[in-house]
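# Results of the structural survey
Listed below are the residues making up each chain.
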Amino acid sequence: MMERMRELKTIRLLYPDFVSGGLETYYFGANLLAHILPENHNQPLLKVNLEPPDGKPCGVTEGIYGKERVIAGIQEAGRVIEEASPDRIITIGGSCMVSLAPFDYLHGKYGNTGILWIDAHPDVSTPADGYPNAHAMVLGSLMGGGDPSLSALMKNRKFEANQILYVGLQGLHEYQKNFLQDRNVAYQVQTEEFVTDGEIHRFMSRFDHILVHLDIDVLDAGLFHSTYFANKELVGDGSGSGKMTMEKLAQVLKSITENANVAGFTIAEYLPFDEYKLHQMFSGIKLFCE
């Protein structure tokens, strides 16, 4: 009741993490995405200050690429959020790791909170699985798995299996299946048919607040080209593209936001490769830089 009586404070958190995904394009994509979203002067834009890309590779520490920088980014995001003390957070990423700090904060603020993870992939990898990019570990870390050093950054209790619903999930690796089964996470591989609106609404009805994580690679890379899997030079951990159309995604998001109290909304993994190449080309021309 008190929440309805006062105006909610909503912030936009620009968190251009790229180290967790191992691609500098994430940094460019997050900053571009901040301009793509509709303007709203009621939602101040706060930035997580990260070291920008410098072309130098990071090393792998304890199975995680750029581990120190990944952790520093999560800590800085947490600091910015705590200082702002918002009621709602729209996170503009960056790789999928950008959900860890805001979702942890909102879970502590609201308690009875569910996560809709709209993604082609489960994001429950661990360093032991052989893929070093931490963006694949974020949901596992929110659940207290993933990697202990990432979960240790959380200030509130871990998410439980029954607080998670996957939307758009595609085929899994065996180690991902094992993680989900060991944690008793109910999931549906959606290669042929997506979860229904009814299933989403029944899930949302159990919670006072909903957190939405949208990974752009849930979209079909053959139809939308600013995703990881539209770049044929990249192989990642061997996973495949999402299968969702833009029209279907728009319908899902509208249904969620009109039927639930959404406290957190992350947009992650926007990779505008062509636009980044254009930016790099112009950056190499003296006229634009002198």
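Structure shown above.
This section reports on the structure supplied with the text.

Rules of the game
Residues numbered from 1 in each chain as written. Predicted model: local features only at pLDDT ≥ 70, side-chain atom pairs only at ≥ 80, totals over all residues. Heavy atoms only, no water. Salt bridge = Lys/Arg side-chain N within 4 Å of Asp/Glu carboxyl O. Helix = DSSP H or I, 4+ residues; strand = E, 2+ residues; numbered from the N terminus. Buried < 20%, exposed > 50% of the residue type's maximum accessible area, 1.4 Å probe, protein only. Axes fitted to C-alpha atoms, helices over the stretch in contact; angles between N-to-C directions. Parallel < 35°, antiparallel > 145°, perpendicular 65-115°, else oblique. Contact = heavy atoms within 4.5 Å. Nonpolar A, V, L, I, M, F, W, Y, C, P; charged D, E, K, R; others polar. Polar contact = N/O pair within 3.5 Å; in protein donor to acceptor, adjacent residues only side chain to side chain. Arc of directions from axis to C-beta.

Take the pattern of salt bridges next. Pairing of side chains with opposite charge becomes possible as their charged atoms draw close. As enumerated under the stated definition, the model contains five salt bridges in all. One salt bridge connects Glu 76 with Arg 79, and the closest N-O pair in it is separated by 2.8 Å. With Glu 76 and Arg 79 both in helix α3 (residues 67-84) and three residues apart, this pair spans about one turn of that helix. Salt-bridge contacts for Asp 87 lead to Lys 109; the nearest nitrogen and oxygen are separated by 3.6 Å. With Asp 87 in the loop between α3 and β5 (88-93) and Lys 109 in helix α4 (residues 100-110), this residue pair connects regions lying 22 residues apart in the sequence. Lys 109 gets classed as partly exposed once you look at its relative accessible area, which sits at 34%. Connected through salt bridges with shared partners, the residues Glu 76, Arg 79 and Glu 83 form a single ionic network.

Gly 94 follows Gly 93 through a cis peptide bond whose omega is 15°. The topology assignment puts Gly 94 in the loop between β5 and α4. Of note in the backbone geometry, Ser 85 takes a positive phi value of approximately 50° without being a glycine. Assignment of secondary structure puts Ser 85 in the loop between α3 and β5. Notably, Asn 184 is not glycine yet its phi reads approximately 60°, a positive angle. Tracing the backbone through its elements, the reader meets Asn 184 in the loop between α7 (174-182) and α8 (197-204). Since its relative accessible area comes to 63%, Asn 184 is described here as exposed.

Moving on, we come to the packing of helix α2 (residues 25-36) against helix α10 (residues 273-283). Packing of α2 against α10 brings their axes to within 10 Å, and their N-to-C directions diverge by 100°. By the criterion of interaxial angle, the relationship of α2 to α10 is roughly perpendicular. Across the interface between the two elements, Thr 25, Phe 28 and Leu 32 from α2 touch Phe 273, Glu 275, Tyr 276 and His 279 from α10. For the contact of α2 with α10, the class distribution of residues is four nonpolar, two polar and one charged.

Mapped onto the elements of the fold, His 209 is located in strand β8 (residues 209-215). Of the polar contacts made by the side chain of His 209, one reaches the side chain of Asn 261; its length is 3.4 Å.

When we look at burial in α7, the residues that qualify are Gln 176, Phe 179 and Leu 180. Buried residues along α7 cover an arc of 95° about the axis, so they all sit on one side. Turned more than 90 degrees off the buried face of α7, the exposed positions are Glu 174 and Asp 182. Buried residues along α7 sit in contact with α5 (138-142) and β7 (164-167). Following α7 by one or two positions, Asn 184 adopts a phi angle in the positive range, close to 60°.

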